[in-house]
Amino acid sequence: MTQRTSFTLTVSPRIPERLNRLEELANNLWYSWDRATRALFSRLDPQLWEIVDHSPKAFLRRVNESALIKAAEDLTFLSHYNSVLSAYDSYHQEPSRYLPIKGLNTRDQVAYFCFEFGFHESLPVYSGGLGILAGDHCKAASDLCLPFVAVGLLYRQGYFSQTIDGQGNQQPLYCDSDFEDLPVKPVLHDDGSEVRIAVQLPGRAVIVKVWRTQIGHVSLYLLDTDLPENSEHDCLITHQLYGGNKTMRIEQEIILGIGGVAALNAMGIKPTIWHSNEGHAAFMMLARALELVRQGLDFSSAIEAVAACTIFTTHTAVPAGHDHFPEDMMHYYFREIYAELKISPEEFMALGHTPECNDFNMTALAIRMSRMHNGVSRIHRDVSANICRAMWPQIEPEENPIDYVTNGVHVPTFLAQEWVDLFDRRLGPQWRHKQHDSEFWSGIHNIPDHIFWSVRQSLKSQMFYGIRTRLTEQNLRNHGSEAHLDRLLKFADPINPNILTLGFARRFATYKRATLLFRDLDWLRRLLLNSERPVLLIFAGKAHPADQPGQELIRRIYQIADMPEFRGHILLVEGYDLRLARRLVSGVDVWLNNPIYPLEASGTSGMKAGINGTLNMSILDGWWGEGYNGKNGWGIKPVSENMEASLRDAEEGRSFYEVLQDQVIPLYYSHGKSGYSVEWVNMAKHSMASLLPQYGTRRMVGEYIQKFYTLASQQGAGYSQDNFAVAKAVADWKARINAAWEGVSIRRLDTPGKHLEFGSALHFKLAVKLNGLQPEDVIVELLLSREYNKTRLSQFQHTRLECTGMIGTNEHQFELSHIPELCGRQQYYLRIYPYHPLLTHPLEMGKMLWL
């Protein structure tokens, strides 16, 4: 064959003046939740729209100019175009109409750091749940007109695309992105030059370019090291999401954290509230402390000043999920930094110390350099508090400073268009502004059952069409026969979508137990293969390329799905991405989730399903532990955490089989005269009405504002005023407490009574050795509750004892007279802990003594 060289050339069209704002629309990820905008591009050339994977910017670089010229003269297209622009302009003018957010002032701005962001498939810098959650957080911040910027990395490859071969093996495919096809633009200085910063790594400075993408009102700044000025190694730092070794990971996190702070400085952006979404970005706290030390503040005071306005959110439910780096690696990368911070190597390593390991733990750093911390569901709060209990060694995990904000989903992004149209007709367009109003959403029950059911069936048909397309491509690539494909697609029939369809789609991690339903294949056969009541089970998801057990789950599903009796009843769909996810959560009848309790931090796919009328059937873990109310789906109670793993899986697997057999399948197929199950429709309505107002990101971001952002604003301002006088005072006070606490002791002087008549007073008298501290440095308190109540310590009645004098020269006397308000057996405790009125959390020092 003749040797030849292939050259590529992109010829971009000129956009007619009449349509010149198409470029503006293509460069604002507002289109990721505005379907009318995406439809506008699609109608110009539907085939090209599919080829470019629904990327408006890539589309505009490739569409024929003749199509644009024709559209500029097409009155129907122009009407659509003007309608989109009207909605776009109305949305982007909202800040001028909104009142300031209560608790924030005009100077406030939130800086939100995350390792990945998932807005839409056209910007592939995400892998899964963490990124989608971060993207939804930004979208809700835009909807609320919150002063908010975000910082991340611009990956050349992003996460991998997935195919599955004829043996069920996952094949990862990495593709380099052409940044000109992405909705990003370089950030420029006033003189037109690009904003670039230098980040010091050992022996060299890495040059970082700053890009901006717009998400409605919110700007996301993405950092890029793939530049000619950098070495080949340094170009690769931002090349691949979750790729490479420990060296690559720590360099990525340095670029994100330290580089992110430098980038904001270079652009003149001065956040007052800082939010680290997971520990990957925790180095940004060090960078900010370094700035203050360079201004003359000592490191202890700098920590207090930085931490007072910093929020840390953890999404991990297992200790192994927290990033950590070896001690020698930390010294190699940070030797110059801790010297400039004027602290010893030991003091620096202590910032990331945990008792379990000598490595430097990023979660430990994030906790020590923030004062507001949260998990992402009520259950996950307790799990995180237990994992991180060593950060507050003398505080019970149930009382330590970790709080929670349960995750949510961006309703406009994940609510199917068919529901949007129906809500507009039946509930009125005001539903968009009442997403958090539970009473309003009870109106869903007034939608006629047959109309509700028709929307559900329409969405299932669309899902089947999409699945058939993907499975056809998969079958063709793997050289499958037409006959095999026909058997495979027999039940995924978009013309007759009346089969009960269950969906399981998420990351294939072992704790998520994708194959739990395969424990008893005979029982599964009876459930799926009943000719009168057949069931279709759809799987999708990716396993990390380094996760061999996760990939083995995919092979196992493929093998079971390929068994002759299950063929067509179990489908494994490749290429799980946001497009497929939107189809599945709105199209299946039941969304399955069977994690090992309590390892599901939150889980948001079930929320996306629930707001679309899909019923959840899940272990009562993560968000479903709060969302399930007994009438909006099915909750599987987890067995004891102490049960041996195989017994646990057998027991919980049996629960899934029994609920499917006795409740789910009979309910779905209890068709009345109308041809559908009225009881099923009622449950689906209840699911939507109960979940949509509670699990949207408007509620979630509203809670972040209420619980953390306003507090961070107040504390940050207070700690920094008068040249950081409060930060210095708190740091000095903590130093005094740390020096004295080991010598603090408490003993009881009164004799504990066993019985008391109602209305009589209890008299408590304690001797406290303060070891040089003052009585105002501590709280001595009584905790009282009825004995039979299994009450959390925070729910006990708390009453403070007052200092009434000295006992000799070394002890202070604290006393209290207290009349119990209730009769019956009561339990009480007496304790002491350090107290300062300017602390962000009263127990943040982690010190406490109990009598």
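Please read all numbers here as calculations on a predicted model, not as lab measurements.

1. A look at the overall build of the protein chain
Scanning the protein chain from terminus to terminus reveals 28 helices and 28 strands. Burial status across the protein chain gives 58% buried among its 851 residues. Across the protein chain, contacts joining residues at least 24 apart in sequence account for 74% of those joining residues at least 6 apart. Put simply, the protein chain shows about 35,400 Å² of open surface, and 50% of that area lies on carbon and sulfur atoms. Taking the average location of the 84 positive side-chain charges in the protein chain and that of its 96 negative ones, the two points are 4 Å from each other.

2. Here we look at the packing of aromatic side chains
Tallied over the entire structure, the rule returns 44 aromatic pairs. Both rings, one in Phe423 and one in Trp431, keep their centres 5.6 Å apart while their planes meet at 75 degrees; by these two values the pair is edge-to-face. By relative accessible area, Trp431 is classed as buried at 2%. Measuring from ring centre to ring centre gives 5.0 Å for Tyr668 and Tyr669, while their planes differ by 80 degrees; the resulting arrangement is edge-to-face. This pair shows no difference in class: Tyr668 is buried, exactly as Tyr669 is. Members of the aromatic cluster, each reached through a chain of ring pairs, are Phe115, Tyr155, Tyr159, Phe160, Tyr174 and Tyr242. Here the basic side chain of Arg156 rests over the ring of Phe179, its NZ or CZ set 3.7 Å away from the ring centre.

3. Some thoughts on the sheet that holds strand β24 (residues 797-800)
With antiparallel pairing, four strands are arranged side by side in an open sheet as β24-β23-β27-β28. For this open sheet the edge positions go to β24 and β28 (849-850), each flanked by a neighbour on one side alone.

4. Section: a negative patch on the surface
Together, Glu327, Asp328, Glu346 and Glu347 make up a negatively charged patch on the protein surface. Only α12 (327-340) and α13 (345-350) provide two or more residues apiece to the negative patch.

How each quantity is defined
Within each chain, residues carry numbers counting from 1 in the order of the written sequence. Restriction of local features to residues with pLDDT of at least 70 applies here, the model being predicted, together with a cutoff of 80 or more for giving and counting side-chain atom pairs; totals for whole chains, interfaces and linings are based on all residues. Excluded from the side-chain calculations are hydrogens and water; all other atoms, namely the structure's heavy atoms, are used. The secondary structure listing takes helices from DSSP runs of H or I that are at least 4 residues long and strands from runs of E that are at least 2 residues long, numbered from the N terminus. The buried label goes to any residue with under 20% of its type's maximum accessible area, the exposed label to any with over 50%, and the partly exposed label to all in between, with areas taken from a 1.4 Å probe on protein chains only. Note on contacts: a residue pair is in contact if any heavy atoms of the two residues lie within 4.5 Å. To be clear on the numbers: accessible area is Shrake-Rupley with a 1.4 Å probe, and residue cover counts the displayed protein chains and nothing else. Counted as positive: Lys and Arg. Counted as negative: Asp and Glu. His and the chain ends are not counted at all. Lysine's charge is taken at NZ, arginine's at CZ, aspartate's at CG and glutamate's at CD. Put simply, two rings from Phe, Tyr or Trp (the six-membered ring, in Trp's case) pair if the centres are within 6.5 Å, and we call them stacked under 30 degrees between planes, edge-to-face over 60, tilted for the rest. Whether a charge sits over a ring depends on NZ of Lys or CZ of Arg being within 6 Å of the ring centre and within 35 degrees of the ring normal. Think of it this way: DSSP has to see at least two bridges between two strands before they count as a pair. Patch building starts from residues that exceed 30% relative accessible area and form no salt bridge, then joins like charges within 9 Å and nonpolar side chains (Val, Leu, Ile, Met, Phe, Trp, Tyr) within 5 Å. A pair is scored as a salt bridge if a Lys or Arg side-chain nitrogen falls within 4 Å of a carboxyl oxygen belonging to Asp or Glu.

Scope: geometric values only; no functional claims are made or implied.
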